[in-house]
Amino acid sequence: MGYDVVGKPDVALQLFAKMHFQGLDLDSFAYHVLLNALVEENCFDAIEVILKQIQMRGFENDIMHSITIKCYWKRNRLEEAEAFLRGFLNSGFLQPLPTSPLFITSCLSFLVRF
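All figures in this text were calculated on a predicted structure; none of them were measured in a lab.

Attention now moves to the overall build of the protein. If you tally the helices and strands in the protein, you get seven helices and zero strands. Each helix (α) and strand (β) of the protein, taken in turn from the N terminus, gives the series α-α-α-α-α-α-α. Within the protein, buried positions represent 35% of all 114 residues. When the accessible surface of the protein is summed, it comes to about 6900 Å², and 59% of that surface belongs to carbon and sulfur atoms.

Following this line, the structure appears as structure tokens:
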């Protein structure tokens, strides 16, 4: 996790791959730190893989959704970010919508861009 925080997600991904190969896995917190570091460093090719890992392990929560919105925003994929947000409203996946400060900040940042 330390490599993520200091801006070396490539090293973190290598360690993650070694751990995964040996049958070890990250916890929810470490997955979200890794995901956020990948977004911050614009490592968009690895983000989809990590998102799928998070979902497969049942670690999907408002933190992951906030980072996903941030990813769309950084990639200037505003239509996808809008569709992602609308999906919350239509799917009933989260009842009620997440109210963590991180999620609210991500949503507001997205809306301000419009």
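We now examine the packing of aromatic side chains. Counted under the stated rule, the structure contains two aromatic pairs. Here Tyr31 and Phe59 contribute two aromatic rings whose centre-to-centre distance is 5.8 Å and whose plane-to-plane angle is 50°, an arrangement assigned as tilted. A residue pair is termed long-range when its members are at least 10 positions apart, and Tyr31 in helix α3 (residues 28–40) and Phe59 in the loop between α4 (44–56) and α5 (62–74) qualify at 28 residues.

This paragraph deals with the environment of Phe88. Residue placement: Phe88 occurs in helix α6 (residues 78–91). When its relative accessible area of 7% is taken as the criterion, Phe88 is described as buried. For the pair formed by Phe88 and His65, sequence separation is 23 residues and the distance between their alpha carbons is 9.8 Å.

A few words now on the packing of α4 against α5. Where α4 meets α5, the axes come as close as 12 Å, and the angle between the chain directions of the two elements is 160°. Here α4 lies roughly antiparallel to α5, going by the angle between them. Here α4 runs over α5; the crossing is left-handed. Between α4, through Phe44, Ile47, Leu51, Ile54 and Gln55, and α5, the contact on the second element is made entirely by Met64, Thr68, Cys71 and Lys74. Classifying every residue of the contact of α4 with α5 by side-chain character gives six nonpolar, two polar and one charged.

Rules used throughout
- Residues numbered from 1 in each chain as written.
- Predicted model: local features only at pLDDT ≥ 70, side-chain atom pairs only at ≥ 80, totals over all residues.
- Heavy atoms only, no water.
- Helix = DSSP H or I, 4+ residues; strand = E, 2+ residues; numbered from the N terminus.
- Buried < 20%, exposed > 50% of the residue type's maximum accessible area, 1.4 Å probe, protein only.
- Areas by Shrake-Rupley, 256 points an atom, 1.4 Å probe, with all protein chains shown as cover.
- Phe/Tyr/Trp six-rings, centres within 6.5 Å; stacked < 30°, edge-to-face > 60°.
- Axes fitted to C-alpha atoms, helices over the stretch in contact; angles between N-to-C directions.
- Parallel < 35°, antiparallel > 145°, perpendicular 65-115°, else oblique.
- Left-handed = near helix turned anticlockwise from the far one by under 90°.
- Contact = heavy atoms within 4.5 Å.
- Nonpolar A, V, L, I, M, F, W, Y, C, P; charged D, E, K, R; others polar.

These figures capture arrangement, not role.
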